[in-house]
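Okay, here's what each chain looks like letter by letter:
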Amino acid sequence: MASYHCTVSFGCKGKASSHASYIAREEKYSEKEAERYEDLEAKECGNMPDWAKEKPLEFWKASDEYERANGSAYREIEIALPRELTPSQRLDLVRDFVDKELCNENKKHAYQFAIHNPKAAIDGGEQPHAHIMYSQRIDDGLERSPDQYFKRYNAKNPERGGCKKDSGTLDYTARKKELVDLRERFANVQNKHLKKHGFDTEVSHLSLRDRGLNYAPEKHLGAHGVRQFKLALVEHEEAKKSEEIALDNVQSVYEETSAQERQEAEARATREREERER
């Protein structure tokens, strides 16, 4: 059954390049360096300036260096992908979503995404998901050096300033609506691709309460929670085995006691019969 997950987060100045390395499984996160990160299924980038076309990590390093001190260096959308789809089908889904969100005519953003597919800690099944990093700077087609790219935007003379930053609105209600709309758009893209490949299941961006469902949502355990859960299972199994052994021991004692009592009763009966015969 397809699952739904879509969250948005911001990364502060100084964190972009390390996070880009993490999602792309590069540098210290490469397979040669760390076996635990051998779950990379696909990675791509787009809308990069010429100086970072084939080297997206250089873009994020520049963002860390030249973005303003109190600004965000990147924004990230993290999405769960259907187990039902093949790796190539999942890649098409992510490309479709990215194209709609980050490559339209009015707002082109430099982006990098990676699809990871680790094994689920509990059931051992696939756990495909994508990290989509993008700059809030809007590409207007003007060529800029790394330091100018992240400067303050100059509305009167765009060529003299940096790329305009799409920081969104500061109003809570508007920001919440933007997030809900984004989550709905991703649900629609996922459902389109599920249907395209012959699956009649659908996902929803709505909460259980908003869908009129009364059962409680599952809690995300995380790595520590999974370890605690597995430890609890082991302790439960050990306790169960101990209980079974204790019951077997009680049964054995009972049976041994019953056999001894029967022998004693038979001996008493024999003695009484011999006394009567005398």
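We now turn to the structure provided with this report. (Residues numbered from 1 in each chain as written. Predicted model: local features only at pLDDT ≥ 70, side-chain atom pairs only at ≥ 80, totals over all residues. Heavy atoms only, no water.)

This next bit is on the overall build of the protein. On a plain count of helices and strands, the protein comes out with six helices and five strands. Along its sequence from the N terminus, the protein presents helices and strands in the succession β-α-β-α-β-α-β-β-α-α-α. In the protein, buried positions account for 35% of the 278 residues. A separation threshold of at least 6 residues defines the contact pool for the protein, and within that pool the share at least 24 residues apart is 68%. Working note: accessible area of the protein is about 18,200 Å², and carbon and sulfur atoms make up 48% of it. (Helix = DSSP H or I, 4+ residues; strand = E, 2+ residues; numbered from the N terminus. Buried < 20%, exposed > 50% of the residue type's maximum accessible area, 1.4 Å probe, protein only. Contact = heavy atoms within 4.5 Å. Areas by Shrake-Rupley, 256 points an atom, 1.4 Å probe, with all protein chains shown as cover.)

Once that is clear, we can look at the nonpolar core. Ranked by size, the top nonpolar core spans 27 residues in total, and within it I77, I79, V94, F97, V98 and I132 carry the most contacts. Counting residues in hydrophobic clusters, the runner-up holds 18 residues, among them A16, A20, W51 and L57. (Core = buried A, V, L, I, M, F, W, Y, C linked by side-chain atoms within 4.5 Å.)

We now examine the pairing of strand β3 (residues 72–80). Counted residue by residue, β3 has seven buried out of nine residues, so it is predominantly covered. Both strand β1 (residues 6–12) and β3 contribute to a ladder of seven bridges, which runs antiparallel. Counted as the bridge partner of S9 is E76 from β3. In the sheet, β3 pairs with strand β5 (residues 129–138) via six bridges, with the strands oriented antiparallel. Following the sheet pairing, E78 is matched in β5 by H131. (Pairing = 2+ DSSP bridges.)

Further remarks concern the sheet that holds strand β4 (residues 109–116). The strand order across the open sheet built from five strands is β1-β3-β5-β4-β2, with neighbouring strands paired in antiparallel fashion. Each edge of the sheet is formed by a strand with only one pairing partner; in this case those strands are β1 and β2 (40–46). Each neighbouring strand pair of the sheet contributes to a mean axis angle of 15°, computed without reference to strand direction. Sheet topology places β2 next to β4; six bridges connect them, and they run antiparallel. Paired with A42 across the bridge in β4 is I115. (Axes fitted to C-alpha atoms, helices over the stretch in contact; angles between N-to-C directions.)

On to the packing of aromatic side chains, then. Tallying each qualifying case throughout the model produces 11 aromatic pairs. Three or more aromatic residues joined by ring pairs make a cluster, and in this case those are W51, F59, W60, Y74, Y149 and F150. (Phe/Tyr/Trp six-rings, centres within 6.5 Å; stacked < 30°, edge-to-face > 60°.)

Positionally, K43 belongs in strand β2. Among the residues examined, K43 registers a relative accessible area of 40% and is labelled partly exposed. C-alpha separation for the pair K43 and L91, spaced 48 residues apart in sequence, amounts to 8.9 Å. Not counting residues within four places of it along the chain, the set of residues in contact with K43 comprises A24, E26, F113 and A114. Among the polar contacts listed, one links the side chain of K43 to the backbone oxygen of A24, at a separation of 3.4 Å. (Polar contact = N/O pair within 3.5 Å; in protein donor to acceptor, adjacent residues only side chain to side chain.)

On to the packing of helix α1 (residues 16–24) against helix α2 (residues 56–66). Their axes nearest at 7 Å, the elements α1 and α2 cross at an angle of 155°. Viewed along their axes, α1 and α2 adopt a mutual orientation that is roughly antiparallel. Taking contact as the criterion, the partners of A16, S17, A20 and S21 in α1 are, on α2, L57, W60, K61 and D64. For the contact of α1 with α2, the residue count by class is four nonpolar, two polar and two charged. (Parallel < 35°, antiparallel > 145°, perpendicular 65-115°, else oblique. Nonpolar A, V, L, I, M, F, W, Y, C, P; charged D, E, K, R; others polar.)

These results come straight from atomic positions and should not be treated as a statement about function.
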